[in-house]
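Topology and contacts: notes
These are the residues of each chain, in order.
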Amino acid sequence: MDAKLLPFATQDVPRYTSYPTAVQFQSDFSSATADGWLKALAPDAVLSLYVHIPFCQQLCWYCGCHTSVPNTYDRATRYVAALLKDIERGGALKGTKHGAVKHFHFGGGTPTYLTNDDLRSIVEAVDRAFGISAGAEVAIESDPRGMTPERARALTAMGFNRISFGVQDFAQPVMDKINRQQPYDLVARATEELRAAGFVSVNYDLMYGLPGQTVESVIETATRSAALKPNRISVFGYAHVPWFAKHQKMIRDHDLPDIPARYDQAVAINETLTAHGYAAIGLDHYALLDDELSRAAEAGTMHRNFQGYTTDTADALVAFGASAISEYPQGFAQAARDTLAWSTAIEKGDSPVNRGLATTAEDRMRAEVIERLMCDFTVDYAAVAARHGFDPAVLDQGLARLEPLMAAGLADWQGTVVSVPRKHRLFLRSAASAFDAHYKVVANRHAKAV
Ligand code: SF4
C-alpha cells in the first residue's frame, strides 16, 4: 500500500447505503408518521419488501449483524407470529394489493434458521397483504452449512429464486479463528444443489481483514470461489467493533491484519476476481458480465440501498422485523432493534417503529448526488442539484473535503463533475462524504474506509 493512502484508509466514513445515514435517525420519531407514509403510497406504487430474521444456529465471531442464537425454536415461533401480524397490519394500511412487490428480500441473521413451514407462512402473508408480482426477484440470505437438496427444492417451491451466503475465507486457520467451519467442498456442494433446485442467482460474500487472513489466503479463496461461478460476489472488510458486537471479543487483536495489509488483501481480491471474468461494480460488488447488475452498472441505472448495489427501482422499501428500516419518499422508519420491545408493540396492535427521519428536499438532492457517485464513480452535482431545484452553491461548503483526496490522486473535480478513479474504488465513500451535510469526524461512528 502506498503510504500516502494510509491517512484516508484509516478514516471512519459511512457506507452510504442510505442518505442521511442511520446514525441521523431520531428516537423521538412518531410511528404514526411512518403509518401515514405507508398509507400515502400511490395505489399502483411499486414496492420492494424486506423481512428481517434475527436468528442464527451459531455465532460467527466476526458478525456485526443484528442476530442471536436462541436456546430453543420457541423464540422463533413467537417472532414469526408477531411478524405475520405486523405484515397483515401493514397490508391493511397500504390498502391496495395488486402484485406491487417486485423485489422481496429475506435478510438476517440467517432466514433459513426458520423451518420451511414458517418461511412459507411469511411469503404467503406478504402475498396476501401486498401481492408479489409475477416474475419478482425473491431473494434469501442463507447459510450453506445447513443446505440440503430437499431444502433447496423447498425454497424454490416457495418462490425464492436468488440466494446469497457468506463464504468469507476457505483457509482453515481463518475458519478456526472466526468460529465458522465452511470448507470449499461444502460451499461447492451447496452451490450445485441450489442451482439444481432452480435458483437463477447464487451469490457469495467474501471478506478481508479477518483474523489470520493473508494475501495468499484471500487469493486462494477468491480463485476457488470464482471457479464456482457465483453470479455476484460482494467483498466486505471486517469491522472490528467489540465494544458494540460483544462476541467479537473472541477475536484477538494481534490476529488482525493492519490497515496496509487489509488494503493489500482487498486489492488482491479485486485483481483475482476481475482476472476471472468478473466486472468490478461500485465500492465492493462483483458480477458476471452477463448479470443484470453488470448491465445496470454499465448503463448508469444501478442503485444503492440497504442491501447494497441493486437494480431495484421501487417507489418505496417496506421492511418488517426487528431493526428493519423502511424507506419512503418522505423519509426513513426503523423498527425497534430489541425483539421483545418489537414484539410487545405488535402484540398490542401498535407499530414497532421507534426511530426514523423525515427527509428534507435538500437531503433528497444530496442523496441522489451521493448515490450516483457511489454507483457511477462520477457525478455532475450541479445537474442533480438543478433537477431538484437547488443552486449547486448549496454543496460548496463540503467540497473542500475533496482537496486532500485530489492531492493524493483519489478524486478529481472538473467544473461541477466529481469523479473517483476506478482503481481507487475503496475510497468512494470518502469522496461521497464531501456531499454529506451531516458528516462529522467521530471515532468509531462508521467503518474505516479500508
Ligand atoms: S451466520 Fe451470518 S448473521 Fe449469523 S452469526 Fe454468522 S455472519 Fe452473523
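All values reported here derive from a predicted model rather than from experimental measurement. Sequence order sets the numbering: in each chain, residues are counted from 1 along the sequence as written. Where local features are concerned, this predicted model is filtered to residues with pLDDT of at least 70; where side-chain atom pairs are given and counted, the filter is 80 or more; whole-chain, interface and lining totals use all residues.

A closer look at the overall build of the protein
Here is the rule: Secondary structure elements follow DSSP: runs of H or I no shorter than four residues count as helices, runs of E no shorter than two count as strands, and numbering proceeds from the N terminus. Note on method: radius of gyration uses C-alpha positions; expected globular size equals 2.2 Å times residues raised to 0.38. A pair of residues counts as a contact when their C-beta atoms, built from backbone coordinates, are within 7 Å of each other.
What the protein contains, in helices and strands, is 16 helices and 17 strands. Its C-alpha atoms give the protein a radius of gyration of 21 Å, within 12% of the compact-globule value 22 Å for 450 residues. The C-alpha extent of the protein, read off along each of the three principal axes, is 55 × 55 × 40 Å. Counting only contacts in the protein whose residues sit at least 6 apart along the sequence, the fraction spanning at least 24 positions is 75%.

Focus on the domain arrangement of the protein
Often, the extent of an interface is quoted as the loss of accessible area on bringing the components together. So the rule is basically this: An automatic or database domain assignment is the source of the domain bounds shown. The nonpolar class holds Ala, Val, Leu, Ile, Met, Phe, Trp, Tyr, Cys and Pro. Asp, Glu, Lys and Arg form the charged class, and all remaining residues, Gly among them, are polar.
Under the domain assignment, the protein is made up of domain 1 (1–20 + 360–439) and domain 2 (23–317). Once you take the C-alpha centre of each, domain 1 and domain 2 turn out to be 26 Å apart. On the side of domain 2, 17 residues touch domain 1, which itself brings 18 residues to the contact. Those elements giving two or more residues to the side of domain 1 that touches domain 2 turn out to be helix H1 (6–9), helix H12 (361–376) and helix H16 (428–432). Per element, the largest residue contribution to the side of domain 1 that touches domain 2 is four residues, and it comes from H12. Taken together, the residues that form the side of domain 1 that touches domain 2 break down as ten nonpolar, four polar and four charged.

Observations concerning the nonpolar core
Here is the rule: What we call a nonpolar core is a set of buried Ala, Val, Leu, Ile, Met, Phe, Trp, Tyr and Cys residues whose membership is set by joining through C-beta atoms within 7 Å. Counting other C-beta atoms within 10 Å of a residue's own tells you its class, since 20 or more makes it buried, 12 or fewer makes it exposed, and anything in between is partly exposed; those C-beta atoms are placed from the backbone.
Grouped together as the largest cluster of nonpolar side chains are 129 residues, with contacts concentrated most on Val126 and Ala431. Top element by residues in this core is H12. It accounts for seven residues. In terms of domain composition, this core takes at least three residues from each of domain 1 (1–20 + 360–439) and domain 2 (23–317). Residue contacts for Val126: discarding those within four places in its chain leaves Leu49, Ile87, Val101, Phe104 and Ile132.

Thoughts on the site of the ligand
As a reminder of what qualifies: All residues are tested the same way: a C-beta atom is placed from the backbone, and lying within 6 Å of a molecule or strand makes the residue near it.
Surrounding the ligand, one finds Cys56, Leu59, Cys60, Cys63, Cys65, Thr67, Gly108, Gly109, Thr110, Asp143 and Gly166. Tallied by class, the residues present in the shell around the ligand amount to five nonpolar, five polar and one charged.

Re the pairing of strand E1 (residues 47–53)
Note the cut-off: Strand pairing requires that DSSP identify at least two bridges connecting the strands. Every crossover in which the path from the first strand over the helix to the second runs clockwise, viewed with the strands pointing away from the viewer, is termed right-handed.
The buried fraction of E1 amounts to seven of the seven residues, a majority that puts the element mostly inside the structure. Of the two faces of E1, both are covered, the one formed by Leu47, Leu49, Val51 and Ile53 as well as the one formed by Ser48, Tyr50 and His52. In this structure, E1 lies alongside strand E2 (residues 101–108), joined through seven bridges in parallel fashion. Across the sheet, residue Leu49 finds its bridge partner in E2, namely Phe104. Read from E1 through helix H3 (residues 74–94) to E2, the crossover connection turns out right-handed. Both E1 and strand E11 (residues 316–320) contribute to a ladder of five bridges, which runs parallel. Across the sheet, Tyr50 pairs through a bridge with Ala319, a residue of E11.

With respect to the packing of helix H2 (residues 31–39) against H3
If you want to describe how two helices pack, look at the angle between their axes and the distance between the axes. Stated precisely, the cut-off is as follows: Geometry is summarised by axes, namely lines fitted to C-alpha atoms with helices restricted to the contacting stretch, and by angles between N-to-C directions that run from 0 to 180 degrees. The cut-offs work like this: below 35 degrees is roughly parallel, past 145 is roughly antiparallel, 65 to 115 is roughly perpendicular, and the gaps in between are oblique. In this scheme the handedness of a crossing depends on how the near helix is turned from the far one: anticlockwise by less than a right angle means left-handed, clockwise means right-handed.
Running from N to C, H2 and H3 point in directions that differ by 55°, and their axes come no closer than 7 Å. On the basis of their axis angle, the class for H2 and H3 is oblique. Like other packed secondary-structure pairs, H2 and H3 cross with a definite hand, here right-handed. Residue-level contacts link Asp35, Leu38 and Lys39 of H2 to Gly90, Leu93 and Lys94 of H3. Grouping the amino acids of the contact of H2 with H3 by side-chain chemistry returns two nonpolar, one polar and three charged.

Focus on the packing of helix H5 (residues 149–158) against helix H7 (residues 184–197)
Contact pair H5 / H7: the axes reach a minimum separation of 8 Å and the direction vectors enclose 40°. By the angle class used here, H5 and H7 are oblique. In terms of crossing hand, the pair formed by H5 and H7 is right-handed. Seen from H5, the contacting residues are Pro149, Ala152, Arg153, Leu155 and Thr156; seen from H7, they are Glu193, Leu194, Ala196 and Ala197.

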